[in-house]
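If you want the building blocks of each chain, they are given just below.
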Amino acid sequence: MTDPIQTWPEDFAARYREKGYWRGETMGGILRARAAESPDAVAVVDGDIRWTYAGLLARAEAAAYGYLSLGLAPGDRVIVQIPNVAAFFPAVFGLFLAGLLPVYALPPHRETELAHFARKSGAKGIVVTDAVFDYAALARKVQAEVPTLRHIIQDPTGPAVPLPQVDPAKVAFLQISGGSTGLSKLIPRTHDDYIYSFRASAEICGLTPDSVYLAALPVAHNFPMSSPGVFGTLYAGGTVVMAPDPSPGTAFPLIAAHGVTITGLVPPLALLWMQAAPRTPHELSSLQLLGVGGAKFLPEAAARVRETLGCQLQQVFGMAEGLVNYTRPGDTEDTIIQTQGRPISPDDEILVLDDDGTPVPDGQPGNLLTRGPYTIRAYHDDPAANARSFTPDGFYRTGDIVIRRSGYLTVQGRAGDHINRAGEKISAEEIEDHLLAHPQIFDAAVVSIPDKHLGERTCAFVIPATGSGGTPTATEVRAFMRTRGVADFKVPDQVVFVPEFENTAALKISRKALRAALRAKMLENT
Ligand code: OOB
């Protein structure tokens, strides 16, 4: 089993340290520091739970002892599948303090995805809660498939033992990639690089100990985790309020009750909030900054944030692999509405290239490539993906098509074949592979279709198999996907049966071209 690594060339690493980006802080060390400075400040609120920084640290230490008492050793990986509840924090900070590496699963992930994470990361345990869903039962199914996942852990605690020294230059955790081809890749992030990204994000967003961040999106996502998210807020000594779901009905009362000052949403949720705000009885005036990202926020919608929600909009264009762009609170209204911001760091290197690799001038669309002090140089244990996704000199090919103007980026689209469904990235190839496992399906191609509510929805074009057992219905195809043990957001929104992929199939064109042709045909007819 390959241990996760992430390294930058020595001259880059030296520069990033010299410039003060990498400060030798660790995730566990940050919590210790805040607990020492302001032990009685409230760190986390969840329903009736209010944990101070000192209280959170004590719980995280108990969790760390618990992990180590199971025989887990520094460097081991542990999957974390916990929804937006307070227990998320002692679970992950406990892992950090014990030198263990969280592998962040999302709450909707099911046995197929979890088994992949377990195998790929070599995780020896999974930590879950019994909140909302029987995650322990799900974990037992995964364990039956991947026996190296030895420990299913709930409420870890144990007798005090010495905790290890943690190296800030080493990998702190594995994040899950959106995945444009097939299964999700694992993204190793170091303490140094990740802490820089959320410390700088907290500064850009003006976070202070008085800031109150509402965790509306699932915190295992990179955006609510670190842009500036829950970690940026805790770094600043502020308070995190956990929302069990992001609907206005749940979120608005929490904003009013706790004086929430900042939150982050994907565009479809921002639209819902803007629709609900004029009629809500709840006081939303504490809200100062609304970050919107994960998918393109259209200018017409962006222009309405201030009048409907009474707060400043911040566009956030980021990726779990690293690079995050923000519009800044002081930017002109035009920049905030029309662009997805500019990079966090002066040392984020940005290339906008045509398909031949030649730089395009400002104002022209091109492929976005980047490298910098918090963008990975490689995925975990995946030479083929690394060869595709990184240039020999270490630039990450984001797959996004952007226009750059005066340093600000506007996202135009993407080169790859994933579907951005309300901010969840879905690989067309992964869904097609599942559909092909159906005995009555001869072939399938999955494409994204623009959608008023989701931004994009998934549409599966299916060629039924001739002969055996007749043609399945759309309902049956969707039901079949549900038996595959995958996250519900991967079930196609729409299924269209076609007798063949017309001349495209005969011409043996690439899957990519086939998907593009089907998508174009569909859009023509609507
Ligand atoms: C965030 O991270 P991921 O890893 O789930 O997805 C990254 C991809 C980007 O490459 C881009 O295709 C898309 O999501 N994206 C946007 C966007 N923000 C992300 N496309 C258009 N406009 C935006 N504002 O989604 C993520 C990570 C950190 C912060 C924010 C988002």
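Structure's up top.
Residues numbered from 1 in each chain as written. Predicted model: local features only at pLDDT ≥ 70, side-chain atom pairs only at ≥ 80, totals over all residues. Heavy atoms only, no water.

Peer 1: Tell me what's going on with the site of the ligand, and back it up with residues and numbers.
Peer 2: Near the ligand lie 17 residues; those nearest to it are Gly294, Val316, Ala320, Asp400 and Lys425. Between the ligand and the protein, one listed contact pairs a nitrogen atom with a backbone N or O atom of Gly294 at 3.0 Å. Here Val316 contributes a backbone N or O atom positioned 2.8 Å from a nitrogen atom of the ligand. Taken by itself the ligand offers 600 Å² of open surface, and the protein chains cover 92% of this. It is strand β13 (residues 312-319) that provides the largest number of residues to the shell around the ligand, a total of 4 residues. When its residues are assigned to classes, the shell around the ligand shows 7 nonpolar, 7 polar and 3 charged. (Near = heavy atom within 4 Å. Polar contact = N/O pair within 3.5 Å; in protein donor to acceptor, adjacent residues only side chain to side chain. Areas by Shrake-Rupley, 256 points an atom, 1.4 Å probe, with all protein chains shown as cover. Helix = DSSP H or I, 4+ residues; strand = E, 2+ residues; numbered from the N terminus. Nonpolar A, V, L, I, M, F, W, Y, C, P; charged D, E, K, R; others polar.)

Peer 1: Tell me about the sheet that holds strand β23 (residues 455-464), and please be specific about residues and values.
Peer 2: Strand order in the open sheet formed by 3 strands is β22-β23-β24, with mixed pairing between adjacent strands. Among the strands making up the open sheet, the edge pair consists of β22 (441-451) and β24 (494-497). Neighbour to neighbour, the strand axes of the sheet diverge by 25° on average, direction disregarded. Judged from the 10 bridges that link them, β22 and β23 form a sheet pairing that is antiparallel. Each bridged residue has a counterpart across the sheet, and for Val447 the counterpart in β23 is Cys459. Helix α16 (residues 428-436) rests against β22 and β23 of the sheet, and its axis sits at about 145° to β22. With respect to the sheet, helix α19 (residues 511-524) is in contact with β22, β23 and β24, its orientation differing from that of β22 by roughly 55°. (Pairing = 2+ DSSP bridges. Axes fitted to C-alpha atoms, helices over the stretch in contact; angles between N-to-C directions. Contact = heavy atoms within 4.5 Å.)

Peer 1: Provide a residue-level description of the packing of aromatic side chains, including the pertinent values.
Peer 2: Scanning the model with the defined rule gives 19 aromatic pairs in all. Each ring, one from Phe88 and one from Phe89, has its centre 5.4 Å from the other, and the planes form 85°; the classification is edge-to-face. For the pair Phe88 and Phe89, one class covers both residues: buried. Pairing Phe198 with Tyr235 gives two aromatic rings, centres 6.2 Å apart and planes at 65°, and the pair type is edge-to-face. Note that Phe198 is positioned in helix α7 (residues 191-204) and Tyr235 in helix α9 (residues 229-235), a separation of 37 residues in sequence. The pair formed by Phe198 and Tyr235 is uniform in burial state, with each residue classed as buried. Here the guanidinium or amino end of Arg377 rests over the ring plane of Phe12, the centre of that ring lying 4.7 Å away. (Phe/Tyr/Trp six-rings, centres within 6.5 Å; stacked < 30°, edge-to-face > 60°. Buried < 20%, exposed > 50% of the residue type's maximum accessible area, 1.4 Å probe, protein only. Lys NZ or Arg CZ within 6 Å of the ring centre and 35° of its normal.)

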